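Read off the chains here:
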Amino acid sequence: MKRRALVIGGSLGGLFAANLLADLGWEVDVYEKVADDLAARGAGIGTHAELIAVLARLGIALDERLGIASGERICVDPTGRELYRCAWGHVMSAWANVYRPLKDRFPRSRYHFGKGFASLAQDASGVSARFEDGSEARGDLLIGADGLRSAVRSRLFPGLEPAYAGYVAWRSIVEETALPAATRAWLGTGYWFVLPPGEMMLCYQVPAKDPARGGRDWNYVWYRPVTEQQLADICTDATGRCHGTGIPPPLIRPDVAAAIRDDARRLLAPQIAEIVQRAQPFFQAIFDIESPRLAVGRVALLGDAAFVARPHVGMGVTKGALDAACLANSIAQCADLQSALARYDRLRGEFGRRCVARARQLGSYIEARSRPERAWTPGELDQRPQRVLQEVARSLADIPQLAELGV
Ligand SMILES: Cc1cc2nc3c(=O)[nH]c(=O)nc-3n(C[C@H](O)[C@H](O)[C@H](O)COP(=O)(O)OP(=O)(O)OC[C@H]3O[C@@H](n4cnc5c(N)ncnc54)[C@H](O)[C@@H]3O)c2cc1C
């Protein structure tokens, strides 16, 4: 009889796992809380060779549509003067360009939208999931791929919560054609950095968010220290309601959005500030979390449900793909599910812990501004352009502590 997997969360991590297990001959069902197709979400992502390799294993080729190669990283000061430059061969892609082929490859009838996972129960013969609508499903394995606020993780480790890093990422995407010709010419195809004290702004081109339109967009991510008290303020809408640690973009108060645009004019090179002026900015508070184990009985955690590293390692999607590949390899290689999950836990647990530690180190100079009371070492406060440009989203193969773990 076919073995059956229940995948909770139908984003990239869940879809990698679902496709790889289906290829091993498993019967797989994906349960996604959101009711509609997810393609409209997500922004630019940095790719890694390891991500491309997992896509290739699924028969999904990297073509022109999937990415834009950026040749150089350049750091400039607020006047636009160059401070540092280095060669950089990464391909920038769009989230939807990875999601779409993964989603299309998986049987439609087995992808269930609008199914919020609520609880689980497991015994020697299987695992059952209960959903918010009262329905249930049973299988041999349950995969929690339900992201940062994973309900599956909460069931396994009650009380374990993501930790706020002390800063937020302001971001947005601007159509290339919305920028003045002189600005476009100055930006070229560079991957730009500006490093105001205690901050990190980066911007780069990504394929157009709307594939029908074609062309390119400029994507920016601006990390800024924000104390917990300030976070509560910027998450408060014009009616005075605080939305917790995140606020839907349309509800961001006009004074908060205006302040970001003013700061961009003051702190960033004019051509880069122009990108901030042209789009409606939104922000995400930065969190990280480490699960103590990635497998408990017949339940495995994967992607952001397992570990969230701050985005400076540029590896969230790649980590999800590698987690899924390791889980599938472990199942294919081991005699039984229990030993497969033990292997997965050992290999990917270590990878996740190292990723989180590295990302914390890269973001420590930003965090330090919102937690001045902590004693920071000079190394933790190092924001020299050469260090930041060389280390942010570095190739996995060039990070010995991660490369040696493989999949
Ligand atoms: C500012 C920023 C920049 C980033 N830049 C990059 C980058 O350049 N490169 C990169 O690789 N990564 C980047 N990331 C990280 C990347 O977005 C994530 O690591 C990656 O998307 C994780 O995928 P996932 O499938 O594990 O989780 P998610 O994409 O969070 O998906 C979880 C899914 O589970 C669903 N779900 C949640 N709860 C339930 C429930 N109870 N029942 C059923 N379904 C549920 C959700 O709706 C969602 O679809 C960045 C992140 C941030 C914040």
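Quantities reported herein were computed from a predicted structural model and do not represent experimental measurements.

Visitor: Give me the lowdown on helix H1 (residues 12–23), citing residues and values where you can.
Guide: For H1, with 12 residues, the first-to-last C-alpha span of 17 Å sits near the 16 Å given by 1.5 Å per residue. The buried fraction of H1 amounts to 10 of the 12 residues, a majority that puts the element mostly inside the structure. Buried residues of H1: Leu12, Gly13, Gly14, Leu15, Phe16, Ala17, Ala18, Asn19, Leu20 and Leu21, and no others. The positive-phi residue at the C-terminal boundary of H1 is glycine 25, with phi of around 95°.

Visitor: Which residues make up the site of the ligand, and what values go with them?
Guide: Around the ligand, the structure places 31 residues, and the nearest of them are Ser11, Glu32, Phe117, Asp304 and Val317. At a separation of 2.8 Å, an oxygen atom of the ligand approaches a polar backbone atom of glycine 13. Glutamate 32 places a polar side-chain atom, nitrogen or oxygen, 2.6 Å from an oxygen atom of the ligand. A total of 1000 Å² of accessible area belongs to the ligand in isolation, and the protein chains cover 85% of it. If you list the elements that add at least two residues to the shell around the ligand, you get H1, strand S3 (44–46), strand S13 (163–175) and helix H9 (316–333).

Visitor: I'd love a proper account of the state of the cysteines, names of residues and values included.
Guide: Applying the stated criterion to the full structure yields 0 disulfides. Here cysteine 242 stays free of any disulfide, with the sulfur of cysteine 235 as its closest cysteine sulfur at 5.8 Å. By relative accessible area, cysteine 242 is classed as partly exposed at 40%.

Visitor: Give me the lowdown on the packing of H9 against helix H10 (residues 337–370), citing residues and values where you can.
Guide: It is the contact of H9 with H10, at a shortest axis distance of 8 Å, that shows an interaxial angle of 155°. Looking at the two axes, H9 sits roughly antiparallel to H10. When the axes of H9 and H10 are compared, the crossing they make is right-handed. Seen from H9, the contacting residues are Lys319, Leu322, Asp323, Cys326, Leu327, Asn329, Ser330, Ile331 and Gln333; seen from H10, they are Leu337, Ala340, Leu341, Arg343, Tyr344, Leu347, Arg348, Phe351 and Cys355.

Visitor: So, the packing of aromatic side chains: which residues are in play, and what are the values?
Guide: All chains considered together, the criterion is met by 9 aromatic pairs. With a centroid separation of 5.8 Å and an interplanar angle of 55°, the aromatic rings of tyrosine 164 and phenylalanine 287 are classed as tilted. Within this pair, whereas tyrosine 164 is found in strand S13, its partner phenylalanine 287 is found in strand S17 (residues 282–290), the two being separated by 123 residues in sequence. Considering the side-chain rings of tyrosine 167 and tyrosine 223, the 6.2 Å spacing of their centres and the 85° angle between planes classify their relative orientation as edge-to-face. Placement of tyrosine 167 in strand S13 and of tyrosine 223 in strand S16 (residues 216–225) is noted, with a sequence separation of 56 residues between them. We classify tyrosine 167 as buried; its relative accessible area is 0%. Taken together through their ring pairs, the aromatic side chains of Tyr191, Phe193 and Tyr204 make up a single cluster. Against the face of tryptophan 88 rests arginine 73, its NZ or CZ located 3.5 Å from the ring centre. Here lysine 103 stacks its cationic end above the ring of tyrosine 111, 4.5 Å away from the centre of that ring.

Visitor: Which residues make up the nonpolar core, and what values do they have?
Guide: If you look at the biggest cluster of nonpolar residues, it comprises 75 residues, and the most contacted ones within it are Phe16, Leu21, Leu102, Leu141 and Leu142. By residue number, the principal contributor to this core is H10, which donates 10 residues. Ranked by size, the runner-up nonpolar core spans 35 residues in total, among them Val76, Trp170, Leu231 and Ala285.

Visitor: Go over the pairing of strand S9 (residues 117–123) with me, naming the residues and quoting the values.
Guide: Of the strand pairs in this sheet, S9 and strand S10 (residues 126–131) are connected by 6 bridges, and their pairing is antiparallel. In the strand pairing of S10, alanine 121 is matched with serine 128.

Visitor: Can you break down the packing of H1 against helix H3 (residues 95–105) residue by residue, with the values?
Guide: Where H1 meets H3, the axes come as close as 10 Å, and the angle between the chain directions of the two elements is 35°. As H1 runs across H3, the sense of the crossing is left-handed. On H3, the residues that touch Leu12, Leu15, Phe16, Asn19 and Asp23 of H1 are Trp95, Val98, Tyr99, Leu102, Lys103 and Arg105.

Visitor: Tell me what's going on with the sheet that holds strand S18 (residues 295–296), and back it up with residues and numbers.
Guide: Spatial ordering of the open sheet is given by S8-S2-S1-S12-S19-S18, a layout of 6 strands whose pairing is mixed. Each edge of the open sheet is held by one strand with a lone partner, namely strand S8 (111–112) and S18. Two elements, strand S1 (residues 4–8) and strand S2 (residues 27–31), share 5 bridges in a ladder whose sense is parallel. Counterpart to isoleucine 8 in the pairing with S2 is tyrosine 31.

Visitor: With reference to specific residues and values, describe the environment of histidine 243.
Guide: Inspection of the secondary structure assignment puts histidine 243 in the loop between helix H6 (228–234) and helix H7 (254–267). Sequence spacing of histidine 243 and alanine 232 is 11 residues, and the spatial spacing of their C-alpha atoms is 8.0 Å. A distance of 2.8 Å separates the side chain of histidine 243 from the side chain of aspartate 237, its partner in a polar contact.

Thresholds applied
Residues numbered from 1 in each chain as written. Predicted model: local features only at pLDDT ≥ 70, side-chain atom pairs only at ≥ 80, totals over all residues. Heavy atoms only, no water. Helix = DSSP H or I, 4+ residues; strand = E, 2+ residues; numbered from the N terminus. Expected span 1.5 Å × (residues − 1). Buried < 20%, exposed > 50% of the residue type's maximum accessible area, 1.4 Å probe, protein only. Near = heavy atom within 4 Å. Polar contact = N/O pair within 3.5 Å; in protein donor to acceptor, adjacent residues only side chain to side chain. Areas by Shrake-Rupley, 256 points an atom, 1.4 Å probe, with all protein chains shown as cover. Disulfide = S-S within 2.5 Å. Axes fitted to C-alpha atoms, helices over the stretch in contact; angles between N-to-C directions. Parallel < 35°, antiparallel > 145°, perpendicular 65-115°, else oblique. Left-handed = near helix turned anticlockwise from the far one by under 90°. Contact = heavy atoms within 4.5 Å. Phe/Tyr/Trp six-rings, centres within 6.5 Å; stacked < 30°, edge-to-face > 60°. Lys NZ or Arg CZ within 6 Å of the ring centre and 35° of its normal. Core = buried A, V, L, I, M, F, W, Y, C linked by side-chain atoms within 4.5 Å. Pairing = 2+ DSSP bridges.

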